[in-house]
Each structure stands twice: as C-alpha cells, then as structure tokens.
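Reading the structure
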Amino acid sequence: MLRKLSRKLANMPQKEIQENLNNTKELLDSISKYFESLSSINVKPTKSPVPLPKDLPIIPIPFNQILNTIETSIYPNNLHWLHPMFFGYFPASTSWPSIQGSLVSKALSSVAFTTSSCPISTEIEKLVSNWLGQMLNLPNQFIYGKGEGGGLTYGSASEAVLTAMACARLKKNTVNPVAYTSNQSHFSIIKAAKVLGIPIRLIPGDRDNNGNYPLDPKKLVKQIEDDKEKGFTPIFICGCVGTTNVGAIDDLETIGKIAEKEDSWFHIDAAYAGSFAILPELRHILNGVELATTFNMNSSKMLLCGFDCSNMWIKDSSLLTNHLTQNADYMKKSNVIDYKDWQIPLGRNVKGLPLWMVIQQFGVEGIQKYLRNHIEAGKLMEKLVDEDKRLEIIARRSFGLVGFRVKGENELTDGVIQRLAENQEIFLLGSKSDGRSFIRFSPGSNPPDLSNVRKAFEIVKGYLDELTN
Ligand SMILES: Cc1ncc(COP(=O)(O)O)c(C=O)c1O
C-alpha cells in the first residue's frame, strides 16, 4: 500500500522506491544497533562529539553519508534516556511497537482534525482511550459509549492541563478567576495558569510519615474562603498523583468533593504515576477519580510509548467542545467527533497509534510486568539505602521513585550530587525538599535492570566513602 502511495504522491520510479525502502531498512538496523550498544557506552553524551555538517545541502546528500552522521554525531551526542544507567527524570520508555506506531502515523501523513479528514484517527482514539480506560478501571463517565465523555491522546501533560484550564476559564467566564494546586505539583500547571492570566495558589502539603507531601485539604478550604471573601471565583482545582520531586499522592476524594462544592473544574495530574493504577494492587491511587472533570496521565512515561503521548479523559466532552469548537466554510461540517474541538491546535497526527501498537503487542499482562519491574527497582534502592546507616530516606518509595540523602547537613549530599554530575557513566540527579538536598532516584526505562540499581548504589556509596575518609 505504501509503495503505491509514494509512487502516486511523488511520482517516484520503481528504482527510487526500492532505494528508499532499503535505506529505511538500513536505518532500522542502525537504530537496533544503537539500542544494543547502550549497555556498553556511557549514558551521557560524549564530551567531543563529531559536529553536525553545517553547510546547507543544495544537492541531495547520499543516504549512507546521512546515516554516517546519525551514527557519528547524533547517537553519541545524545543523553541516552534508554540507557540502563539513566536514573534522572521520569522515564520516557519507548519500545519497538511504539516506534512502529509512529512510523505508520508518519506514513499516513494524515492531519487528523476532523472525522472526515481522518476517520481512522477517531476510531483509534476511541479504541485506545477505552482500552486504557478499561485497564485503569476508570468510571463509565470517561468511557466512550457509556457516558458523556471519552479520552484523547495529547502531546504532553502540559498541553492537557492548559486545554483543561482554558476551558475551565471559558466555562466560568468570570473576571476574577483563581486556580489551586499543591506546592508539590509540576510547574506545567503553574505555567498554564500563567499563560491564561489566572492567579494560582500553591497549597502547602503536610509532610506525612513517608516524607511525602500530599496537599492539605484544610489549607485548600481556608485559601478558597479567603479568596472568595476577596471577590475571587475558584474555577480550577488540581489534584496530583505522583508528584515529580517526591511522588506525593493527593487525597483525590476529599479534594474532588471540595471542587464539587465550589462548582470548580477538578483536574488530576497523574503524568507519571497514573499508569500504575493498571496494577490491581495499586488501583486505589485513583480513588476519587470519579469526581474528576479531567484526568491525565502520560503513556510516554511508563507505558512504553515514548514522547509524545499523553492521555486525557473528560467526563463530559461538551465541556471542551462548547468552548473550542470553530468551523469554517472551507471545512466539511460533521456531526460526529471532531478532535479539533477537543484541543487548542487544529491539526494532529494519528496520536493513538503508538499506544494501539503497544497494548496489542505487550498485552495488559506484559505492561503490568513492566510496571512491576520498575517498582522492584525502586524497592531495591530503598532497601540498599535503609541498610546504610549513613543514609536516610527523605521521600519513601513512591512507585519507583526514591529520595534519599546523607544524614546531617547538606554538604555531604551536595558533594555526592556534584560527583554524580561529573560521572559520565551514570545519570542521577539531585534535588531539594524543604531546603534539604537529596538524591532523586527514578528507575530508568529500558530495562529497569536490578544489577544496574546495585551499580548505581555502589557509585553513590563510593563517593560517600571518599568524602568521609
Ligand atoms: C507529575 C508531572 N506532571 C506533568 C509533567 C509534564 O509533562 P509533559 O512533559 O508531558 O508536559 C511532568 C513531567 O515530567 C510530571 O512529572
């Protein structure tokens, strides 16, 4: 089919089509070799990469030359997110099925803004949103065909929250809107408020026994009362499941009820941790999701889709379409789903394809295994830290994420963090919580190998020995 398509579009002779196919196969081989090489190279970019050729190509460059540039300049000059020694940030786990899905999406080259512009996109989006919704045991209101809502793959959690907050603002149409989120939440929520010109209150979390900082609902209520007295209208409240720094999990049920009472949009940001609700033993982290107006999680982080893939569900799609619908004479009107009315941009590719491929090729069981592996990596790091009397946990393991530090002042922890930054073999970052420095360990994406967790701990321990002797 693709052969016919390319011949028709580019009027390409058979010989050239064959050449392109061969080149693409060679590229796939090269990618496969890159993946295989990861365990034998440093996680950080080489210090002196071969520079990219800078001259503007006036005539076509031979493919083997381009492939050579990819292999000598692009791969080596990458921070290798898929490397077994990558423990900084949350993973951007990718997989062959996801790459295959992206390839198909690129090959279709459809701009999937309306059902008529790309009927298959609507079908795939509905299917993967319902599959994933079923895996997460989401309430019927979020499931196409069962309630008024459904789901859509966005590019990122930032885009999802911006869209949700914009609609919350348009829905309330008040001159004095105000939004709320925990002071642990990701800055994308703060950025959305900033872009939309909405003041946002960062509600402090109370440190619990796990060193976690869930939003304190009492402080939220107090802030809302103060704001209302000053003439503000609460339009948007965000609850977080698995915050970036310490993995805090908010009490969604209580916050959801507060939002309901205030007739405020209730958004849940579960960009990292949402996927873990696929595990029956962890589904409880989403208790209260039935109160959400929108619920978002990134399948790019823990669901093997790689960036960009972020799924958001809305309980009633008219909350988006009432505000985002635009029509034009040059566009065929449709009375079925038009995803241009569910998002701010007009165009989108067939974004659900990577997840569609992943779910089919891993199955729910394969995905659950992957998630449990990630948790095991976190458990091991937590255990190793607990066994070393010089160290303390600052944030107990939340899924895979563990925050730990050297007991006492920040100096030793900072010393370890600085040495880690200089080490080319490991990517592990420091952070701060309540003014205390800590090492933020997040198991990598591919594969979360336990021997590498031990290796990471040995490196940290080695630096600590060096600093204390
Ligand atoms: C908890 C949380 N929310 C939101 C985001 C923003 O994600 P995105 O890059 O998809 O906008 C992140 C990014 O890591 C995150 O950790």
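Rules used throughout
Sequence positions are assigned chain by chain, starting from 1 and proceeding in written order. With the structure being a predicted model, the display of local features is reserved for residues of pLDDT at least 70 and the display and counting of side-chain atom pairs for 80 or more, all residues being used for whole-chain, interface and lining totals. Only hydrogens and water are set aside when side-chain values are computed; all heavy atoms of the structure are taken into account. What makes a residue near a molecule or strand is one non-hydrogen atom of that residue sitting within 4 Å of it. In the analysis that follows, any N or O atom pair within 3.5 Å is treated as a polar contact, provided that within protein one partner can donate a hydrogen and the other can accept it, and provided that, for residues neighboring in sequence, both atoms belong to side chains. Under the convention used here, a 1.4 Å probe and the Shrake-Rupley method define accessible areas, while residue burial counts only the protein chains that appear. Where each domain begins and ends is defined by an automated method or by a domain database. The contact criterion used is simple: two residues touch if any of their non-hydrogen atoms lie within 4.5 Å. In this description, buried area is defined as the sum, over both parts, of the accessible area (probe of 1.4 Å) that is lost when the two are combined. Think of a salt bridge as a Lys or Arg side-chain nitrogen and an Asp or Glu carboxyl oxygen that are within 4 Å of each other. Strands here are runs of E lasting at least two residues and helices are runs of H or I lasting at least four, both read from the DSSP assignment and numbered beginning at the N terminus. Burial here depends on accessible area, computed with a 1.4 Å probe over protein chains only, as a share of the maximum for the residue type. Under 20% is buried, over 50% is exposed, and the range in between is partly exposed. The rule for pairing is simple: two strands pair if DSSP sees at least two bridges between them. Axis lines are fitted through C-alpha atoms, for helices just across the contact stretch, and the angle between N-to-C directions can take any value from 0 to 180 degrees. In this analysis, the expected span of each helix is defined as 1.5 Å times one less than the number of residues it contains. Relevant arc is that of directions from the helix axis to the C-beta atoms, nothing else. Remark: nonpolar core denotes a set of buried residues (Ala, Val, Leu, Ile, Met, Phe, Trp, Tyr, Cys) joined through side-chain atoms within 4.5 Å. A pair of sulfur atoms, both from cysteines and within 2.5 Å, is called a disulfide here. Relative orientations are named as follows: roughly parallel for angles under 35 degrees, roughly antiparallel for angles over 145 degrees, roughly perpendicular for angles from 65 to 115 degrees, and oblique for any other angle. Here is the rule for handedness: rotate from the far helix to the near one, and if that takes an anticlockwise turn smaller than a right angle the crossing is left-handed, while a clockwise turn gives right-handed. Under the convention adopted here, Pro, Cys and the residues Ala, Val, Leu, Ile, Met, Phe, Trp and Tyr are nonpolar, Asp, Glu, Lys and Arg are charged, and Gly plus all remaining residues are polar.

Describing the site of the ligand
Neighbouring the ligand are 13 residues, the closest being Ala157, Ser158, Thr244, Asp269 and Asn298. Here an oxygen atom of the ligand sits 2.9 Å away from a polar atom, N or O, in the side chain of Thr244. Lys301 places a polar side-chain atom, nitrogen or oxygen, 3.0 Å from an oxygen atom of the ligand. The fraction of the free accessible surface of the ligand (390 Å²) that becomes covered by protein chains is 86%.

Considerations on the domain arrangement of the chain
On domain assignment, one finds that the chain holds domain 1 (2-91), domain 2 (101-359) and domain 3 (371-468). Contacts between domain 1 and domain 2 engage five residues on the former and eight residues on the latter. Around 540 Å² of area is buried between domain 1 and domain 2 when both sides are counted, 82% of it from carbon and sulfur atoms. Counting across the interface, domain 1 meets domain 2 through zero salt bridges. Counting every contact that joins domain 1 to domain 2 gives zero residue pairs in polar contact (both at pLDDT 80 or more).

Notes on the pattern of salt bridges
A complete count under the given rule lists 21 salt bridges for this structure. The partner of Asp308 in a salt bridge is Lys351, and the shortest N-O contact between them spans 3.1 Å. Taken as a pair, Asp308 in the loop between helix H10 (299-302) and strand E7 (310-314) and Lys351 in the loop between helix H11 (318-324) and helix H12 (353-387) lie far apart in primary sequence, 43 residues in all. According to the relative accessible area criterion, Lys351 is buried, its value standing at 13%.

As for the pairing of strand E1 (residues 150-154)
In terms of burial, E1 is a largely internal element, five of the five residues being buried. With burial as the criterion, each face of E1 is covered, one bearing Gly150, Leu152 and Tyr154 and the other bearing Gly151 and Thr153. Of the pairings in the sheet, the one linking E1 to E7 comprises five bridges and is antiparallel in character. Within E7, the residue paired with Thr153 across the bridge is Asn311.

Description of the sheet that holds strand E3 (residues 200-203)
Reading across the sheet, the seven strands line up as E1-E7-E6-E5-E4-E2-E3 and stay open at both edges, with mixed pairing between neighbours. Strands with a single pairing partner mark the edges of an open sheet, and in this sheet they are E1 and E3. Averaged over all neighbouring strand pairs, the angle between strand axes comes to 20°, with direction disregarded. Along the sheet, helix H6 (residues 157-172) contacts E1, strand E2 (177-182), strand E4 (233-240), strand E5 (265-269), strand E6 (294-298) and E7; its crossing angle with E4, the most-contacted strand, is approximately 155°.

Looking at helix H14 (residues 450-468)
The terminal C-alpha atoms of H14, which comprises 19 residues, lie 27 Å apart, in line with the 27 Å expected from a rise of 1.5 Å per residue. Along H14, the residues that are buried comprise Asn452, Val453, Ala456, Phe457, Ile459, Val460, Tyr463 and Leu464. Buried positions in H14, seen along its axis, are confined to an arc of 150° and lie on one side of it. At its buried positions, H14 is contacted by H12, strand E8 (391-398), strand E9 (401-406), helix H13 (410-422) and strand E11 (436-441).

Re the sheet that holds E8
Taking strand neighbours across the sheet as the criterion, the four strands line up as E8-E9-E11-E10 in an open arrangement whose pairing is antiparallel. For this open sheet the edge positions go to E8 and strand E10 (429-433), each flanked by a neighbour on one side alone. Strand-to-strand twist in this sheet, taken as the mean axis angle between neighbours without regard to direction, amounts to 30°. Two strands pair when backbone bridges link them, and E10 and E11 are joined in this way by five bridges, in the antiparallel orientation. Across the sheet, Leu429 pairs through a bridge with Arg440, a residue of E11.

Describing the nonpolar core
The biggest cluster of nonpolar side chains holds 57 residues, and the ones touching the most others in it are Leu136, Phe276 and Phe295. Taken together, the elements giving at least two residues each to this core come down to helix H5 (119-135), E2, helix H8 (217-229), helix H9 (252-261), E5, E6 and H12. Looking at this core, the element that brings in the most residues is H12, giving eight residues. A domain-level breakdown of this core finds at least three residues from each of domain 2 (101-359) and domain 3 (371-468). Setting aside residues up to four positions removed in sequence, Phe295 forms contacts with Leu136, Leu138, Ile268, Ala270, Leu286, Val289, Asn311, Met312 and Trp313. By size, the runner-up hydrophobic cluster in this structure holds 30 residues, among which are Leu391, Ile393, Phe404 and Leu428.

What to know about H8
Along its 13 residues, H8 runs 18 Å from first to last C-alpha, staying within 8% of the 18 Å computed at 1.5 Å per residue. Those residues of H8 hidden inside the fold are in contact with E2, E3, E4 and H9. Following H8 by one or two positions, Gly231 adopts a phi angle in the positive range, close to 95°.

What about the state of the cysteines?
A complete count under the given rule lists zero disulfides for this structure. The thiol of Cys118 is unpaired, and the distance to the nearest cysteine sulfur, on Cys309, comes to 15 Å. Unpaired in terms of disulfides, Cys238 finds its nearest cysteine sulfur in Cys240, a separation of 4.3 Å. For Cys238, a relative accessible area of 0% gives the class buried.

A closer look at the packing of helix H2 (residues 14-37) against helix H4 (residues 96-108)
Taken N-terminus to C-terminus, the directions of H2 and H4 make an angle of 150°; their axes are 13 Å apart at the nearest point. Taken together, the axes of H2 and H4 lie roughly antiparallel to each other. The way H2 lies across H4 gives a crossing that is right-handed. Between H2, through Leu28, Ile31, Ser32 and Phe35, and H4, the contact on the second element is made entirely by Trp96, Ile99 and Leu103. Along the lines of polarity and charge, the residues of the contact of H2 with H4 split into six nonpolar, one polar and no charged.

Thoughts on the side chain of Ser433
Tracing the backbone through its elements, the reader meets Ser433 in strand E10. The class of Ser433 is buried, set by a relative accessible area of 6%. Not counting residues up to four positions away in its chain, the partners in contact with Ser433 are Tyr213, Asn245, Val246, Ile394 and Phe438.

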